[in-house]
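Summary of structural features
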Amino acid sequence: VDAVGVSNLLWIIAVLWNFVVVIGWTFVPGTIAFHEKAATVAAGDYCGAWATVFTARIVCLLTPLFFFLNILAAVQWIISKLVHSKMVSSSILGAAENVDKGSAGIPVAQTLVKAFL
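A brief structural summary. (Residues numbered from 1 in each chain as written. Predicted model: local features only at pLDDT ≥ 70, side-chain atom pairs only at ≥ 80, totals over all residues. Heavy atoms only, no water.)

Some details on the packing of aromatic side chains
Operational definition: Stacked, tilted and edge-to-face pairs are distinguished by plane angle, under 30 degrees for stacked and over 60 for edge-to-face with tilted covering the rest, among Phe, Tyr and Trp rings (Trp via its six-membered ring) whose centres lie within 6.5 Å. The buried label goes to any residue with under 20% of its type's maximum accessible area, the exposed label to any with over 50%, and the partly exposed label to all in between, with areas taken from a 1.4 Å probe on protein chains only.
The full count for this structure, using the stated rule, is one aromatic pair. Relative to Phe68, the ring of Phe67 lies with its centre 5.5 Å away and its plane at 80 degrees, an arrangement referred to as edge-to-face. Looking at Phe67, the relative accessible area reads 16%, which means it is buried. With a relative accessible area of 54%, Phe68 lands in the exposed category.

Considering helix 4 (residues 86–102)
Quick reminder of the rule: Put simply, DSSP marks the helices as runs of H or I at least four residues long and the strands as runs of E at least two long, and each gets a number from the N terminus on. To estimate the expected span of a helix, count its residues, drop one, and scale the result by 1.5 Å. Each direction from the helix axis to a C-beta atom contributes to the arc, which is the arc of those directions.
For helix 4, spanning 17 residues, the distance from its first C-alpha to its last is 25 Å, which sits close to the expected 24 Å at 1.5 Å a residue. Along helix 4, the residues that are buried comprise Ser89, Ala96 and Asp100. Buried positions in helix 4, seen along its axis, are confined to an arc of 45 degrees and lie on one side of it. Facing away from the buried side of helix 4 by over 90 degrees, the exposed positions are Met87, Asn98, Lys101 and Gly102.

A few points about helix 5 (residues 108–116)
Filter applied, for reference: Whether two residues touch is decided by their heavy atoms; if any such pair falls within 4.5 Å, the residues are in contact.
Three or more residues of helix 5 are buried, namely Ala109, Gln110 and Val113. Looking down the long axis of helix 5, one finds its buried residues gathered within 95 degrees of arc, a one-sided arrangement. Packed against the buried residues of helix 5 are helix 4.

Quick word on a nonpolar patch on the surface
Our working rule: For patch building, the residue pool is restricted to those with more than 30% relative accessible area and no salt bridge; the joining distance is 9 Å between like charges and 5 Å between nonpolar side chains (Val, Leu, Ile, Met, Phe, Trp, Tyr). The accessible surface values rely on the Shrake-Rupley method and a 1.4 Å probe; as for residues, cover is taken only from the protein chains in view. Any Lys or Arg side-chain nitrogen located within 4 Å of an Asp or Glu carboxyl oxygen qualifies as a salt bridge.
Together, Phe54, Ile58, Leu61, Leu62, Leu65 and Phe66 make up a nonpolar patch on the protein surface, roughly 640 Å² of accessible area in all. Checked against the element boundaries, Ile58 lands in helix 3 (residues 50–83). The class for Ile58 is partly exposed, based on a relative accessible area of 33%.

Focus: the environment of Ile92
Among the structural elements, Ile92 can be located in helix 4. For the pair formed by Ile92 and Val113, sequence separation is 21 residues and the distance between their alpha carbons is 7.5 Å. Once residues within four sequence positions are removed from consideration, Ile92 is found in contact with Val113 and Leu117.

Here's the deal with the packing of helix 4 against helix 5
Any two packed helices are characterised by how steeply their axes cross, that is the angle between the axes, and by the distance between the axes. How we decide: Geometry is summarised by axes, namely lines fitted to C-alpha atoms with helices restricted to the contacting stretch, and by angles between N-to-C directions that run from 0 to 180 degrees. Orientation is classified from the angle alone, with under 35 degrees giving roughly parallel, over 145 giving roughly antiparallel, 65 to 115 giving roughly perpendicular, and any other angle giving oblique.
Their axes nearest at 7 Å, the elements helix 4 and helix 5 cross at an angle of 155 degrees. In terms of orientation, helix 4 and helix 5 fall into the roughly antiparallel class. Where helix 4 abuts helix 5, its residues Ile92, Leu93, Ala96, Glu97, Val99 and Asp100 lie against Val108, Ala109, Gln110, Val113 and Lys114.

Below is the structure:
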């Protein structure tokens, strides 16, 4: 489970960097020339790897289909790691004990918290 969560976070970082590179260097007019006639005119700015750039642009268009689901999966993984940690669990149980001390002494809050932890 940890490998999936860490891989998910790494995927999000890689996708964001890919998005910055593709949008920043291939969509901005005047940055890179792709047309074959531009090879003689824009010598230093010409790039003949049009198929690679086309693939990168397609990836940028398809990424939103998976990006938000991966964000939700990463948030769920982080929350489950936090909730199942000893420190957070004990602080939540301590807060439930304080709530029960203020009531009739019946451990209702503690029972509910233990059921969810």
